[in-house]
Amino acid sequence: MYWEKYLKVKTLHEAMEILKLYQGKARLIAGGTDLVLQLREKKKRVSVLVDISDLPELQYIKEEHGQIKIGAMTTHSQLAASPLLWEKVIVLAQAASSVGSPQIRNVGTVGGNIVNAQPAADTVVALMALDAKVVVFNNDGGEEKIPFSELFLGVGESKIDPTSQLLKEISFSLLPEMRSSLGRLARRKALALPILNIGIVLSVNKKENRLHEARICVAPVAPVPMRMKEAEKTLLSRKLSDELLISASKAAFDAADPRNSKLRGNTAYRKELVRVMTYRTLKTALATRGGVGDEAGSITV
Amino acid sequence: MKLEVLQFELNARKVSVRVKPDATLLDVLREDLDLTGAKRGCGEGECGACTVLIDGMPVDSCIYPALKAAGKNIETIEGLGTEDNLHPVQKAFLDEGAVQCGFCTPGMILTTTALLAKNQSPSEEEVKVALSGNLCRCTGYTKIINAVKVAARNINKL
Ligand code: FES
Ligand code: FES
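Sequence order as written defines the numbering, with residues in each chain counted from 1. As they are written, the chains are lettered A onward and the ligands numbered 1 onward, keeping that order. Only residues with pLDDT of 70 or above have their local features reported here, since the model is predicted, and side-chain atom pairs are shown and tallied only from 80 upward, although totals for entire chains, interfaces and linings are computed over all residues. In computing side-chain properties, one takes all heavy atoms of the structure into account and sets aside hydrogens as well as water.

Mind showing me how you'd approach the pairing of strand E3 (residues 51–54) of chain B here?
Across a regular strand the side chains alternate sides, sitting on one face of the sheet and then on the other. Residues and elements named next belong to chain B. In this scheme, a residue with accessible area under 20% of its type's maximum is buried, one over 50% is exposed, and one in between is partly exposed, where area comes from a 1.4 Å probe on protein chains only. Runs of E in the DSSP output that reach at least two residues are strands. Runs of H or I that reach at least four are helices, and both are numbered from the N terminus. Here E3 shows two buried faces, one formed by Thr51 and Leu53 and the other by Val52 and Ile54. When DSSP finds at least two bridges between two strands, those strands are taken to pair. Two strands pair when backbone bridges link them, and E3 and strand E4 (residues 57–60) are joined in this way by four bridges, in the antiparallel orientation. Residue Ile54 lies in a different strand from E4, and its bridge partner there is Met57.

In structure tokens, the structure reads:
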């Protein structure tokens, strides 16, 4: 038997009470698109599943005071259908549309994807580039905020413990003149794990034709999604030009240290992929909302 | 093992059934309710042969815990049309030769009805994206995509 009890709760409070009662033997389940398989394969064990996926207070996408806030049980389909995200946070809308298949997106949630901590989870790569935070409820009644940069410990391992904690909300700030994009390479468009995912978020300074802020998150090139700090620094150092994007991509290439993988290709190939895809995704991000490049390698935003 | 009572709406009828707590929706449909239209292909959420509609949305029932479906509205291929009165999507699949072995067909047809409920005249690209979670090993997809377009036209004429 994979689990002994399956409880669907009506309130957040009820969920936290059940976790407390079972002291580590119960865990939360969201869509279950990953968890059900992991339980079947005995990669995880649990006696009681507590289903929080239908709680309306965990399903929303809203903009408040320059921040986007997302309820943890929002499904990938809901994210992918959000006009707000397509208008302001393309990288996340693209990431949500890339997850699995329509059937998986209709059930799988953004919160589930985070807690499950797969090394290249599409929405996680996007949220990491967005410098997002999560709000977590503990079963002692306390609440904590954790930045994405501290959330992941290793493959399949996040700081959130679903036997005692509930991921409530994901939030991030919108940047001035924000541009973003997701670069994704996989064997086919649907139902294929990414060979490489790159999330890029930029804030452009149109007057000076340079960047205020640049964030690049790449996965999987390490056990957890990785921010390319050197490449980000390079991007802020000078005015925008094709040559600047090339040096930033080179910096990402230098920082990436993927292992040889039967599934994803060897180290040399994957490093080269980081270089090429960083460059291309930077270009696509800059081109959203009006940025253009010309033949001579100058870029105007 | 203690069985749990699961209640939901299935093909427009209220259903109550006793299920194992760790059964999937596909298990319950096929084993307990004798609805064998939904197929088990991969059993892992990769092929869409087990697709059913939950509250109007295509879902892989092979990885969907049965008790998660409590209170929801489930549609399977058995609820769509009858032999003498086919649903327009079923008819289009037959007319266009979009069925070979038929294993993927219930899932394809349900996914198509969900698409056409939202979008009456989908583009070819939209059809492909909508069907991207349904694998077919026989047809090569051309005839399936064609059947979806024909179904859309026929429904719009109704
Ligand atoms: S049998 Fe469910 S997706 Fe293949
Ligand atoms: S008709 Fe045989 S799998 Fe599609």
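I tried to follow the pattern of salt bridges on my own but got confused; where do I start?
Think of it this way: side chains of opposite charge can pair up when their charged atoms draw near. We define a salt bridge as a side-chain nitrogen of Lys or Arg found within 4 Å of a carboxyl oxygen belonging to Asp or Glu. Tallying each qualifying case throughout the model produces 26 salt bridges over all chains. The shortest N-O distance in the salt bridge between Lys233 of chain A and Glu230 of chain A comes to 3.2 Å. Linking Lys233 of chain A with Glu230 of chain A, this pair stays in helix H9 (residues 229–237), spanning three residues, or about one helical turn. Overall, the relative accessible area of 55% leaves Lys233 of chain A in the exposed class. Here Glu230 of chain A falls in the partly exposed class, since its relative accessible area comes to 46%. Residues Arg40 of chain B and Asp27 of chain B are paired through a salt bridge, measuring 2.9 Å at the closest nitrogen-oxygen approach. Taken together, the residues Arg40 of chain B in the loop between helix H1 (25–32) and E3 and Asp27 of chain B in helix H1 connect sequence positions 13 residues apart. Among the ionic contacts, a cluster of salt bridges with common partners joins Asp131, Glu213, Arg215, Arg227 and Glu232 of chain A.

Would you mind going over the packing of helix H10 (residues 242–255) of chain A against helix H11 (residues 267–287) of chain A with me for this structure?
For any two helices packed against each other, one specifies the inter-axial angle together with the distance between the axes. Residues and elements named next belong to chain A. Put simply, H10 and H11 touch, their axes get as near as 8 Å, and they point 140 degrees apart. Classified by chirality, the crossing of H11 by H10 is right-handed. Only Lys271, Glu272, Val274, Arg275, Thr278, Tyr279, Leu282, Lys283 and Leu286 of H11 make contact with H10, whose side of the interface consists of Asp242, Leu245, Ile246, Ala248, Ser249, Lys250, Ala252, Phe253 and Asp254. Here the nonpolar group is Ala, Val, Leu, Ile, Met, Phe, Trp, Tyr, Cys and Pro; Asp, Glu, Lys and Arg are the charged ones; every other residue, Gly included, is treated as polar. The class makeup of the residues in the contact of H10 with H11 is nine nonpolar, two polar and seven charged. Angles here are taken between N-to-C directions and fall from 0 to 180 degrees, while the axes themselves are lines fitted to C-alpha atoms, restricted in helices to the stretch in contact. Handedness of a crossing follows from how the near helix is turned relative to the far one, being left-handed for an anticlockwise turn of less than a right angle and right-handed for a clockwise one. Working rule for contacts: check all heavy atoms of both residues, and any pair within 4.5 Å makes them a contact.

Would you take a moment to explain the packing of helix H2 (residues 88–95) of chain B against helix H3 (residues 105–118) of chain B for this structure?
All names here are of chain B. Running from N to C, H2 and H3 point in directions that differ by 125 degrees, and their axes come no closer than 9 Å. Taken together, the axis directions place H2 and H3 in an arrangement best described as oblique. Where H2 crosses over H3, the handedness of that crossing is right-handed. Listed contacts from H3 to Val89, Gln90 and Phe93 of H2 are Thr105, Met108, Ile109, Thr112, Thr113 and Leu116. When grouped by side-chain class, the residues that make up the contact of H2 with H3 number five nonpolar, four polar and no charged. To sort the angles, those under 35 degrees are grouped as roughly parallel, those over 145 as roughly antiparallel, those from 65 to 115 as roughly perpendicular, and the leftovers as oblique.

Whenever I open this one, the side chain of Ser101 of chain A confuses me. Can you help?
Tracing the chain through its elements places Ser101 of chain A in the loop between helix H5 (90–98) and helix H6 (102–105). Not counting residues up to four positions away in its chain, the partners in contact with Ser101 of chain A are Leu191 of chain A together with Asp60 and Gly133 of chain B.

Even after reading the chapter, I still don't get unusual backbone geometry, so can you show me in this structure?
Negative phi characterises most residues that are not glycine, and trans characterises most peptide bonds. Of note, the amide linkage connecting Ala219 of chain A to Pro220 of chain A takes the cis form, showing an omega dihedral of -10 degrees. Structurally, the position occupied by Pro220 of chain A is in the loop between strand E13 (210–219) and strand E14 (226–227). The phi angle at Ala117 of chain A is positive, at roughly 55 degrees, despite the residue not being glycine. Note that Ala117 of chain A resides in the loop between helix H7 (110–116) and helix H8 (122–129). Taking relative accessible area as the criterion, Ala117 of chain A reaches 4% and is therefore assigned buried. Backbone geometry at Ala12 of chain B places phi at a positive 70 degrees, although glycine is not the residue there. Looking at the element boundaries, Ala12 of chain B is found in the loop between strand E1 (4–10) and strand E2 (13–19).

Explain the interface of chain A and chain B here, please?
How big an interface is tends to be stated in terms of the accessible area lost upon association of its parts. Of the residues lining the interface, 30 residues belong to chain A; the matching set on chain B comes to 30 residues. It is Tyr6, Gln103 and Leu191 of chain A in chain A that bury the most area against chain B; as a group they hold 27% of the surface buried on that side. In this structure, the connection of chain A to chain B is made through two salt bridges. One salt bridge in this structure joins Lys68 of chain B and Asp51 of chain A, with 3.0 Å as the shortest N-O distance. Polar contacts, as used here, are pairs of N or O atoms within 3.5 Å; protein pairs need one atom able to donate a hydrogen and one able to accept it. Residues neighboring in sequence count only if both atoms are side-chain atoms. The interface formed by chain A and chain B holds 13 residue pairs in polar contact (both at pLDDT 80 or more) in total. Looking at the side of chain A that touches chain B, the elements that each hand over two or more residues are strand E1 (5–8), helix H2 (35–40) and H6 of chain A. The dominant element in the side of chain A that touches chain B, judged by the number of residues it contributes, is H6 of chain A, at four residues. Using a 1.4 Å probe, buried area is obtained as the accessible area two parts lose upon being combined, added over both of them.

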